[in-house]
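Single-letter residue listing:
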Amino acid sequence: MDYNAFVEEKIGEIRKTVGDEVAINALSGGVDSSVVAVLGHRALGDRQRTFFVDSALMREGEPEEVKGVFAEMGVAVELVDARADFLDALAGLTDPEEKRNAVTNTFYRRVFADLVRKTGAKYLLHGTILTDIEETVAGIKRQHNILAQMGIDPEQEYGYRVLEPLATLRKDGVREVAKVLGFPAKVVERIPFPGPALAARIVGEVTEQRLATVRAATTIVEEELGDSGAFQYLAVLLEDKATGIRNGQREFGQLIVVRCIDSVDARTATPVELPWETLHRICGRITSLEGVNRCLYDLTPKPPATIEYV
Ligand code: XMP
């Protein structure tokens, strides 16, 4: 595939569709939304407003990092604080699909609808990729960003139209487009991170405290496995608890699962055979987090598992 031609074609399409109107897009910091932001910016210039939504579900330091990268790319990013909206919507939910649904609704019904009202935008540019669509259609998982395939008409439902310029690509293709657009290697090679963010990595209820735990574990895993060359690595907080000992006292503590997988396009995945030394180091750091007394390494390929836990 000629990715230069793809870029030109998509810029042309966005320009033609949006015309003289305004479009918005929301960055998560991942490669998909980053690519869409730059395509939109090249197509529309100032008529494209790019937002970073702080959903309370992001990783450590993510807003600053995203702003820095886009400043280098010449795209201004506006920060939106929607932490309370997401935490309220997720409170009390434990069912995985209900949690995904709550994240979707908060993004589309509250945050994006609000931004559309404020900016007068008619379009939302979205980083949906082919794998997201396929998995939703197959009924495996409701990816948070899929609308049309779920029978939702965004214009009727939320008051704006959704453009998905990457809907024919998988992750490997998006990375090629990111290279063509001149993104730095740290963005092109950024490991995938799901739309529902850390909410996809908490089994059971999402609370600020549980987010803090999984966020700290995520930082450790990303630091330790940053050089692993793996497709994706992550930490998951389970709902179960287990007995352990801390400072000579019995502790009924939390469990963190570490996952590190190889994959080409996320449709299938195999666990990476990490050195014991690395696993022990990760385990030591994770079990030093408050209230976490077990760390497990997940050996399950996809299928039968999926990559994320929620
Ligand atoms: P699963 O867990 O389905 O994940 O094996 C496949 C790939 O997709 C990422 N993922 C998502 N990406 N929105 C996204 O944009 C989502 O709702 C979503 N859920 C999972 C996941 O991290 C993996 O790379």
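Residue positions are counted from 1 within each chain, in the order its sequence is given. Residue-level local features of this predicted model are given only where pLDDT is at least 70; pairs of side-chain atoms are given and counted only at 80 or more, and the full residue set underlies all totals for whole chains, interfaces and linings. Side-chain metrics rest on all non-hydrogen atoms present in the structure, leaving aside hydrogens and water.

**Some thoughts on the layout of surface pockets**
In this structure, the largest pocket occupies an estimated 610 Å³ of space. Cavities and pockets were defined on a 1 Å grid built over protein atoms only: a cavity is a set of grid points that admits a 1.4 Å probe from which the probe cannot escape, a pocket is an open set flanked by protein on both sides within 12 Å along at least five of seven lines, and lining residues are those with an atom within 4 Å of any such point. As for the largest pocket, its lining consists of 24 residues, of which K186, E189, R190, I191 and Y233 are closest to the centre. A run of DSSP states H or I qualifies as a helix once it reaches four residues; a run of E qualifies as a strand once it reaches two. Both are numbered from the N-terminal end. Elements that contribute at least two residues to the lining of the largest pocket include exactly α3 (62-72), α8 (171-180), α9 (185-188) and α10 (208-225). Ranked by residues supplied to the lining of the largest pocket, first place goes to α10 with five residues. Taken together, the residues that form the lining of the largest pocket break down as six nonpolar, five polar and 13 charged. Grid points are joined across faces, edges and corners, and a volume is the space filled by probe spheres set on the points. Reported here for the second largest pocket is a volume of approximately 200 Å³. Those elements that provide at least two residues to the lining of the second largest pocket are α3, α4 (83-90) and α10. When residues of the lining of the second largest pocket are assigned to their parent elements, the largest contribution, four residues, is made by α10. As a working rule, the residues Ala, Val, Leu, Ile, Met, Phe, Trp, Tyr, Cys and Pro are called nonpolar, Asp, Glu, Lys and Arg charged, and the rest polar, with Gly in that last group.

**Details of the nonpolar core**
Nonpolar cores were defined as sets of buried Ala, Val, Leu, Ile, Met, Phe, Trp, Tyr and Cys residues, with membership established by side-chain atoms within 4.5 Å. Accessible area is worked out with a 1.4 Å probe on protein chains only. A residue is then buried under 20% of its type maximum, exposed over 50%, and partly exposed in between. The biggest cluster of nonpolar side chains holds 92 residues, and the ones touching the most others in it are V35, F70 and F183. Setting aside residues no more than four positions away along its own chain, F70 makes contact with L27, S34, A37, V38, V75, V77 and F183. One finds F231, A242, L255 and I307 within the second-largest nonpolar core, a separate group that totals 11 residues. Throughout, a contact is declared for two residues whenever any of their heavy atoms are within 4.5 Å.

**Observations concerning the environment of V257**
Here V257 is to be found in strand β7 (residues 249-262). Between the alpha carbons of V257 and D298 there is a distance of 6.5 Å; along the sequence they are 41 residues apart. Look past the residues within four positions of V257 in its chain and what remains in contact with it is L234, A235, V236, L238, L296, D298 and Y309.

**Section: empty space enclosed by the protein**
Here the structure, examined in full by the defined rule, presents two cavities of 30 Å³ or more. Empty space within the largest cavity amounts to approximately 760 Å³. What lines the largest cavity is a set of 42 residues, and nearest its centre among them are D32, D132, F193, P194 and G195. Secondary-structure elements contributing two or more residues to the lining of the largest cavity are β1 (23-27), α2 (31-44), α5 (96-119) and α6 (130-137). Take the lining of the largest cavity: its biggest share by element is four residues, from α2. Partitioning the lining of the largest cavity into residue classes produces 19 nonpolar, 14 polar and nine charged. For the second largest cavity, the calculated volume is near 70 Å³.

**Let's talk about the pattern of salt bridges**
We define a salt bridge as a side-chain nitrogen of Lys or Arg found within 4 Å of a carboxyl oxygen belonging to Asp or Glu. Evaluated as defined, the whole model comprises 25 salt bridges. Across the pair R59 and E222 runs a salt bridge, and its minimum N-O distance is 2.7 Å. One end of the pair, R59, is in the loop between β2 (48-54) and α3; the other, E222, is in helix α10, with 163 residues separating them in the sequence. Classification of R59 by relative accessible area gives buried; the value is 8%. Overall, the relative accessible area of 24% leaves E222 in the partly exposed class. Measuring nitrogen to oxygen at the nearest pair gives 3.3 Å for the salt bridge that ties R110 to D85. A residue pair is termed long-range when its members are at least 10 positions apart, and R110 in helix α5 and D85 in helix α4 qualify at 25 residues. A single salt-bridge network, built from bridges that share partners, covers R59, E62, E65, R190 and E222.

Don't take any of this as a statement about function, it's just geometry.
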